[in-house]
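Fold and contact review
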Amino acid sequence: MEGSLKYIREGNGKVSRVIRMGTRKSQLARIQTDSVAGRLRELYPDVHLEIVAMSTIGDKILDTALSKIGEKSLFTKELENALERNEVDIVVHSLKDLPTSLPPGFTIGAILQRENPHDAVVLHPKNAGLTLDSLPERSVIGTSSLRRAAQLKKRFPQLEFENIRGNLNTRLKKLDEKDDYAAIILAAAGLKRMGWESRISQILGPEDCMYAVGQGALAVEVRAQDKDILEMVSVLHHPDTVLQCISERAFLRQLEGGCSVPVAVHTEVKGSMLYLTGAVYSLDGADCLKDTMQTVVEIDNKVSESAQECVHVGVTANSVSSSALEAAEKLGMDLANALLNKGAKDILTTARKLNDAR
């Protein structure tokens, strides 16, 4: 890959290596990319970072529910195309947007420390001080996620749930400026990163709504053969987050889930134990299969000697204990298989068919 290296002469005459970072154009994506760029600048002051922003399919199609578009890499495809064409060197994503199987030649080189992964309730200003429990009956809640809708329909049967699309800014505007929604459900992490924490009126715990695979974590995707860049970004890995997200991604991959089916997770690392709760739901939330498993993930110092040995559900994490990575991936697969043995496949197939027919 030496041919693709780019250098720039700074004003002081110093020659710096240029690393081009790809990102979506939305304000949140830019904030997330800038935060990763800030970390890299602290670690590598001699590297010159350029940010390249672009629109993705998911940014362009705003009048259709995500689950209906039928494209697994809605928010990532254009970015990966730029990575493949050597137009950018790394791409910053919300990990939950990245499919569990990446295109050949790409890998996730870093998963940063997770922000709060839970979902948040943002109320219409006229409902200030209320909660989902205390909103008037038949209040309309906006969410673009089948996962959120399925869980919340079951938990709050007195409320109604309708689709709402657009980036964070658009959705908040739709909530505040119209009377269509009593509240909307958004990821707490995005609201916090945007500096809009004051709009969060309620954080939904796992008993109300478990979160999406990878929610709240940022991922840095690179070309697998760019070993120098892989090594450079690997210092951003947060070991506990890596283990949680590998178990979640392995669970989803084994279930063959995606945007078009309601799958939810909750993970915790306590000492040397990793706990994973996973669930699948029918679209109306009436049918649910849920279970919890745990495994030991000793963070020993035995790291993988070969990058090839250390790719787990698209993640290369040579700086994290290989035995812990293997245990995390196995935990996700084992939990998925336990749910599949109880009939998860039927629930997911029905959910997919019903969603396609809507």
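Residues numbered from 1 in each chain as written. Predicted model: local features only at pLDDT ≥ 70, side-chain atom pairs only at ≥ 80, totals over all residues. Heavy atoms only, no water.

- Per an unreviewed UniProt entry, the recorded name for the protein chain is Porphobilinogen deaminase, and the organism is Cyprinus carpio.

1. Section: the packing of aromatic side chains
- Taken as a whole and judged by the stated rule, the model has 0 aromatic pairs.
- Cation over ring: lysine 270 sits above tyrosine 275, and NZ or CZ is 5.5 Å from the ring centre. (Phe/Tyr/Trp six-rings, centres within 6.5 Å; stacked < 30°, edge-to-face > 60°. Lys NZ or Arg CZ within 6 Å of the ring centre and 35° of its normal.)

2. Notes on the sheet that holds strand E14 (residues 288-296)
- Read from one edge of the open sheet, 3 strands run E12-E13-E14, paired in antiparallel fashion. Here the strands that pair on one side only, and so sit at the sheet edges, are strand E12 (263-270) and E14. Each strand of the sheet is rotated relative to its neighbour by a mean of 10°, with strand direction disregarded.
- The strands touched by helix H5 (residues 146-155) within the sheet are E12, strand E13 (273-281) and E14, with E12 carrying the most contacts at an inclination of about 90°.
- Along the sheet, helix H10 (residues 322-341) makes contact with E13 and E14, crossing E14 at roughly 150°. (Pairing = 2+ DSSP bridges. Helix = DSSP H or I, 4+ residues; strand = E, 2+ residues; numbered from the N terminus. Axes fitted to C-alpha atoms, helices over the stretch in contact; angles between N-to-C directions. Contact = heavy atoms within 4.5 Å.)

3. What about the environment of alanine 264?
- Tracing the backbone through its elements, the reader meets alanine 264 in strand E12.
- Considered as a pair, alanine 264 and cysteine 209 are 55 residues apart in the sequence and their alpha carbons are 8.2 Å apart.
- Dropping the residues within four chain positions of it, alanine 264 is found in contact with Arg147, Gln151, Met210, Tyr211, Phe251, Thr277, Gly278, Ala279 and Tyr281.

4. Section: helix H11 (residues 344-357)
- Taking 1.5 Å per residue, 14 residues should reach 20 Å; H11 reaches 20 Å between its end C-alpha atoms and fits that length.
- By the burial criterion, the buried members of H11 are Ala344, Ile347, Leu348, Ala351 and Asn355. Along the long axis of H11, the arc covered by the buried residues comes to 95°, so they all point the same way. Structural note: H11 exposes Asp346, Lys353, Asp356 and Ala357 on the side pointing more than 90 degrees away from its buried face. (Expected span 1.5 Å × (residues − 1). Buried < 20%, exposed > 50% of the residue type's maximum accessible area, 1.4 Å probe, protein only. Arc of directions from axis to C-beta.)

5. Things to note about the pairing of E13
- Summarising burial for E13: 7 of the 9 residues are buried, a large majority.
- Bridge count between E12 and E13: 8 bridges; the pairing is antiparallel. What sits directly across from alanine 264, in E13, is alanine 279.
- In sequence, E12 turns back onto E13 through a hairpin of 2 residues, with glycine 271 there showing a positive phi of about 60°.

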